[in-house]
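# Close look at the chain arrangement
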Amino acid sequence: MHKSTDRMRRLKKLKSVTGSQDVGGGGEGAATVAENRTSDPSDTNGGATTGKDPSVFNPDIFKHLDKAGRSEFLKYLKLQLQDAADTPVYDRNGVFKQGISNAIYELLWQALRFTHKKDLVLHLLLEVVALHADFPSLIVDVVNILDSETSLMTEGLHEERHAFVQLVKDLDKVVPESLLKERLEIDTLQEVGIVKNKSFYSKFIKVKTKLYYKQRRFNLFREESEGFAKLITELNQEFEESTTPESIMDIIKSLIGCFNLDPNRVLDIIIESFETRPDRWNLFIPLLRSYMPTGAIICEVLGYKFCHFKDSRTPRSLYHVCALLLKHGVIALNDVYVWLTPNDGSIKADWEEELADAREMVRKLNLIQTNKKEDEKDPPPPPSVKKFNEEKYNANQKFGLCEALLKVGDWENAYKIIQKLPEQAVVLQEPIARAIADLIHLSVENIYYKKCFKAPAGRRQSRNRLYDDSKLVAKMQAKEFRDLRKYTWPMANVLGPAMHYDTVLMYKLIRIMKKLVVEMGVDSLNGPPPNSEAEQHYYDIMSSLDACILPSLLYLDNNCSMSEEIWAVLKYFPYHFRYSLYARWKNDSYQLHPNLIRRCGLAQRDIKALMKRVSKENVKQLGRLVGKYSHCAPGLLFDYILLQIQIYDNLIGPVCDMLKYLTALSFDCLGYCIIESLTLTGRLRFKDDGTSLSLWLQSLASFCGTIYKKYSIELSGLLQYVANQLKSQKSLDLLILREIVHKMAGVESCEEMTNDQLQAMCGGEQLRGEAGYFSQVRNTKKSSNRLKEALANNDLAVAICLLMAQQKHCVIYRETAAQSHLKLVGNLYDQCQDTLVQFGTFLGSTYSVDEYVERLPSIITMLREYHINTDVAFFLARPMFTHQINQKYDQLRKADPNAKKLTTAQKLQKYLEATQLIMNPIVESVRPLHSAKVWEDISPQFLVTFWSLSMYDLHVPNESYQREIGKLKQLAQQAAEGKDSNQSKNKKEQERYIALMEKLNDERKKQHEHVDKISQRLQEQKDSWFLLRSAKSAKNDTITQFLQLCLFPRCTFTALDALYCAKFVHAIHNLKTSNFSTLLCYDRIFCDITYSVTSCTEGEATRYGRFLCAMLETVMRWHADQAVFNKECANYPGFVTKFRVSNQFSEANDHVGYENYRHVCHKWHYKITKAIVFCLDSKDFMQIRNALIILMRILPHYPVLAKLAQIIERKVDKVREEEKTKRPDLYAIASSYIGQLKLKTPHMLKESDFHQMAERPNKDSPTTAGASGTPIKSDKMSPTSPPAQAGKVTGGASSFYNNEQKSGIKEPEAKAASLSRSDSKNQKSEGNSATMVSTATSASTTSSNDRESKQRDLPAPRESQSRSKDDQLEQTNNGSNGSRQSESRNRDAERDRQDQHDQRHGSITSHRSSRVKERTEAEQHQRSRERSQRLEELEAQQRGLKREKSSRRGGDERHRHGDAVETVDLVGSTDNRHYDEFEGRMRDRDLSSVSNESNGSMQHRQRSHETIEKDSKRRKLESSTSSSKKVEELVDSVKKARGIKTKERNKDKLSDEERDARKDRKLGRKRDRTEETNSNEHKRRREAQNGEDEIRERERHREKSPRERSNEKFERERASGSRAEERQYVKSTRSSRVNY
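Residues numbered from 1 in each chain as written. Predicted model: local features only at pLDDT ≥ 70, side-chain atom pairs only at ≥ 80, totals over all residues. Heavy atoms only, no water.

## Some words on the overall build of the chain
We apply this condition: Helix and strand assignments come from DSSP, with helices taken as H or I runs of at least 4 residues and strands as E runs of at least 2, each series counted from the N terminus. Burial status follows relative accessibility: with a 1.4 Å probe on protein chains alone, a residue under 20% of its type maximum counts as buried, one over 50% as exposed, and anything between as partly exposed. When checking whether two residues touch, look at their non-hydrogen atoms; a contact exists if any pair is within 4.5 Å. The protein chains shown are the only cover counted for residues, whose accessible areas, like all others here, come from Shrake-Rupley with a 1.4 Å probe.
Per the secondary structure count, the chain includes 78 helices and two strands. Burial analysis of the chain (1636 residues in total) assigns 52% to the buried set. Of the contacts formed within the chain by residues at least 6 apart in sequence, a portion of 79% connects residues at least 24 apart. Accessible area of the chain: about 77,500 Å², with a carbon and sulfur share of 50%.

Here is the structure:
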């Protein structure tokens, strides 16, 4: 078995030499391997063949070995020898080659398998041996492989083995026999016959045993002491300088030979002598190296010594000797390390136990004891640092050896020991830490005193023994900064937090770092060049700060100077590098050290106790403690402070005052902690309801603004964080930016400005600062500059602006897709908008104009490349325009040779020229933004002019200037009269106030000049603003484009822009701009604000309300005074009702009169009321909130009508009651509005005071004015106008009111409207009513008749416009018709009086009996039909007269005006009956109760109207005997045509679903009527049974009080008007904004 094992071992060894792939398996296996090798042509160890690589061995040469194969074999071997150096086994590069070995191996196998004759192979081997001297040895190695392979073959296949034996017998002819005896196995030699002695093997075993296993005898120490005594004497004598290790070695050899000493014992004595005199290491080290070259034996001796002391204290001398031997390479660390105790596993277990104990201590510190007794005292606090256990340290031989290695300067071996164990477990030991510190002192000694600190004159050299070793000093001491990378930085990184044992070393390293950074020329913005030596130093410094300097600071209590020194280095690094260092320092570094874990736990406990005592009274005392804690552990301190601030926002003020004792390093760490708090995961940023931001985020944002303003903390990190959040499409953190800009720059984002503040914001910068903000902009210059520099240094100013602009337009879609609450989406949008405006305002006010222009992209770039919307792009670019125009103006003025003699007109011309040069490129750049069709209505120049101007350009707030100057005068007077002892201070204050007044006066003067220039500029440009594509487009598309592209986007941008939009519209009007209808613009704005209100966010609703308020202010100012109206509107193009190509609007009948304008104002108020009521009834949060906000904003000018105010008040009160518990925010707004509305109630107007109305009937005659028999005179219509002018006014009002179109009108309706307009274009009035009555009057009258016929089941409406229409018809109709009309009106009035008397006496019974109710309704319907019939007859006669007159004068009129006359109608006849019906239901009826009715029910009513219409036609033909036949036929044909069209239209509109809905509603109404009838009948019967009939009868016949009669009248009107009101409001809800 032993022989087999040896053979297998040798076989494996030889296999690696020859490359054999098989080591056994019998003859077949070996043969298979050989065959495989022979048959594989791609073997890399083959010979050369034709067409193949000659360096590759080809086994095919053995097929013709007796011929050409022999020479090819030899040729291959020679080729292989060419690449060999001195041996055929290795090439020139020392790489092992298998080619020759494999070739010989294959050749010998040919003989073993009898493929070729043995003699042929032997002869070939003879020739091979002659090629190189090393071939015999190589052949024997291959034979040894074959020996192993053939001996391991299975039984029964011994032919190869027999052939091998025969081959080896004859092999002595080729190789020497001695070589065979040396290499081959003894069994093989005996089998071959080379060794013939059979006892040879037994003799071999005996010799081997004696040589390796028998120990020679030596004299022991106790047996013969003389030799050892002499040896000890020789080794411990005082050696002379000339003594050498060689001489001592000769003496030792002599003693060993003379006294036959034990060499191992002699080695032990030499080592012990070395222990006693380690200072003579230069003698003993060479001695030991020469005595015992093998270090393993020395290690065994040392190991026995270490094992002897494992249970006691190991002497330091043994460590020292071992360290010196290791240092000089006499022994290896791994050889001696295995003898040291304890083992590595136990050291690691002890370290993990220490970490667990430290964490457990911290956990117990955070526990709260709930069952503590009163007399029980608190346990003493645990120590912050565990005391050094010297006994345990001495028992650890590995620590002792590491310390000794460090003390002798062997850093390499010491570092190996440190790496074998838990790193900080070794370095944390104080002796080892101090030893490493000494080495670092040695390495930096020279460079520190050379470049960082000038050494004092009398400085002594260190007494450390390390400095005695000159080689060590030369090796480790750094001469230049580049040498620090070799030893200093690696040792410092390994030392880690243990550097706190040597603060002097910390100072040295920090100062070296600072010097190195300064010499590199880097700062927080500019790093070192890449791939340079400076970059390596840069990162080495950062690694050392992370590994040792900052963690060591945790051990240094109250060391402020060290903190400042560290900041002196850190401030040169960018903020992201510093923050990464703080992150590891605060979160990771202390987790690896038990002592640091304990210290941090105790620090957290003390910080918590400190924060519990914070108040405004003890800020100063606690601030000092906070400063002390911040020096060593700022991260832990700020984490807890920020946590408390997020919970209790009232701590922000005291905490900010406490932080004044912090160092710069602590402030910088605070900046990182704030960002970390913002990014903590697991905290919701929204409240539980998901509608607003969490309080912790709001508190943190407020703290950021306060702390960054008060203290100089770098802002780059926080600003970059906000920018990164915006890149990720997260806008919540814009709250941080808003607070910072507000606090640091004094720029507010508050929209809740007073009117005085808004007016002040229209002025210059000085006025804005004095009166434009809630808080005085004081002491923000330094903080504003810091913010400006932080933005500039990181190129974030423009980036944040553009990101906010992009985020503003994506936040709605992103948050809506995320299923966020709609209120939250609106708040986020408003936050983006407010912050963008605030930030843009800050940039415009802080940067100089040159800086602003340089940094901000051009307007073209923002619009095209960054895809910024027009409102934001022009908002950002607006400050550039004025600056560029002024620069260009100065250039043009200076270029003029008569620059000093230029007149004002010439200067103005230069200014206009400069404006054109600057703005023309911008005008051209906006052309691609919209289609060519848009520019057909408004010009690009107008678009750019609108967006490029601001309120400062249009309006000078003189009142604000005067108010502020007056305040300053008063303050200056108070300062002058001050009786304080400090007169100089009062004088300075007075001078300051006077200087401010002068600045305000100068600023006002400059603004006046600027506004005048802008006015002239607008005057020059106005004619090119609105292009007259056609008269219709001038009215319709122009206003549409103006509203869509200009007015609506900007009026919701800022509060100042809302005022600007209203001011700009007024400016366009005042400029008498052609092709622009001011009245139409106002009408489009006021007529339907429902969609605008609904689509606004809360902030936009506030701004939109300001815009409407400003527009209403202008409207109501014109409304209040006719003189003002005549002055500002009467002859202006904006109030023209007809547009002509030639702009001939001088005729009076082209304009809207004062009374008609007041009617239009009434209509606008009604439309606003209707939209507001619709929103309040919608139950939608956004609509209700926005409606309330807008009501609050427009309260100064709406409502002014008492009846509208009552409706609004009821609706708002209803909202308040419904939302009291559901949505408290709506409840609060509604309550506030009602309170303010009630204060305004005494100042409300009656409708008759608001606009002129016809005389109301008295109580006894409740009929219309036209039925009284006395026609209304024209002076009642317009007291200040003659009768002819009254006709004009009335006609204008009619045209104005009768053109309100319905939104979503179908094609048949559009065609009918167009036909009526085209038919009416040729009609003219003549005679006394020579006024051109608008063609829309007749069209509206016709449509009015149509509607009247459809509503004959309604009670007669009492409204001013119907009466005015009757009056107009009376004035127009002359001749015999007048008397007939008078008689019919008298009969109608008498019948109405009789009906009213009957209704007064039978009102109660009509409510109790359905039969009486039906009779009353039938009578009312009959009267309504008769009244409508008379009105239609009169209108038909009037149309006939007009048609005849217009046909006579049509040719002349067309010749005069051509096709360019187009009438602008602003109010449709649909609304003619709204107002008086509105009065009837004002107190009780809700507008929205019918306005939300579906189209199906309306269509049902329309069909019922058609049936009534047919019946009315029949009755009219029977009753109108006095009418002419021609008029009857005309009326009949018109009615039939309209009835057919109405049927077709309703048929088209009515779908299956609508029919089903109509049926359901019809059944529901029938069911309701049945239930009401049953309930009334049941009530009547019950009263009769109780005997109350007589009482009720007496009560009915007794005379009633005025209050009772009023209530009964109200109930009758309510009952009779409910159905009419229902139909009327359904139609009114469908009416759109003004069409043409």
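Read on for the rest.
## Let's talk about a nonpolar patch on the surface
We apply this condition: Within this analysis, patches are made of residues with over 30% relative accessible area and no salt bridge. Like charges are joined at 9 Å or less; nonpolar side chains (Val, Leu, Ile, Met, Phe, Trp, Tyr) at 5 Å or less. By definition here, a salt bridge exists when the distance from a side-chain nitrogen of Lys or Arg to a carboxyl oxygen of Asp or Glu is within 4 Å.
Taken together, the side chains of Phe200, Phe204 and Ile205 make up a nonpolar region of the molecular surface, amounting to roughly 240 Å² of accessible area. You can see Phe204 is positioned in helix α10 (residues 200–213). Judged by relative accessible area, Phe204 falls into the partly exposed class, the value being 37%.

## Details of a positive patch on the surface
Stated precisely, the cut-off is as follows: His residues and chain termini do not enter the charge count, which takes Lys and Arg as positive and Asp and Glu as negative. Think of each charge as sitting on NZ of Lys, CZ of Arg, CG of Asp or CD of Glu.
A surface patch of like charges, here positive, comprises Lys620, Arg624, Lys628 and Lys660. Secondary-structure assignment places Arg624 in helix α31 (residues 619–632).

## Some words on the packing of aromatic side chains
The criterion, for reference: Any pair of Phe, Tyr and Trp rings, taking the six-membered ring for Trp, is counted once the centres come within 6.5 Å. Such a pair is stacked with planes under 30 degrees apart, edge-to-face with planes over 60 apart, and tilted for the rest. Comment: the charge-over-ring label is applied if NZ (Lys) or CZ (Arg) is within 6 Å of the ring centre and within 35 degrees of the ring normal.
All told, the structure shown has 48 aromatic pairs when counted by the stated rule. Connected via pairs of aromatic rings, a cluster forms that spans Phe874, Phe881, Phe942, Phe946, Trp947, Trp1025, Phe1026, Phe1042, Tyr1060, Phe1064 and Phe1076. Arg1050 extends its terminal NZ or CZ atom over the ring of Phe946, reaching a point 5.6 Å from the ring centre. If you follow Lys1072 out to its NZ or CZ, it ends over the ring of Tyr1132, 4.8 Å from the centre.

## Concerning unusual backbone geometry
Here the amide bond leading from Thr341 into Pro342 is cis, since omega sits at -5 degrees, within 30 degrees of zero. With respect to the helices and strands, Pro342 occurs in the loop between α17 (333–337) and α18 (344–365). Residue Pro1199 is reached from Tyr1198 by a cis peptide bond, and omega for that bond is -5 degrees. Here Pro1199 shows up in the loop between α60 (1181–1193) and α61 (1202–1218). Even without being a glycine, Asn1075 presents a positive backbone phi close to 65 degrees.

## Comments concerning the pattern of salt bridges
Summed over the entire model, instances satisfying the criterion amount to 48 salt bridges. As a salt-bridge pair, Arg485 and Asp540 come within 2.7 Å of each other at their nearest N and O atoms. Placement of Arg485 in the loop between α24 (470–476) and α25 (488–495) and of Asp540 in helix α27 (residues 533–553) is noted, with a sequence separation of 55 residues between them. Since its relative accessible area comes to 36%, Arg485 is described here as partly exposed. A relative accessible area of 17% means that Asp540 is categorised as buried. Glu565 is the partner of Arg511 in a salt bridge, and the nearest nitrogen-oxygen pair spans 3.9 Å. Of this pair, Arg511 sits in helix α26 (residues 503–520) while Glu565 sits in helix α28 (residues 560–570); the two residues are 54 residues apart in sequence, bridging distant segments of the chain. Here the salt bridges do not stand alone but share partners, grouping Arg265, Asp268, Glu272 and Lys305 into one network.

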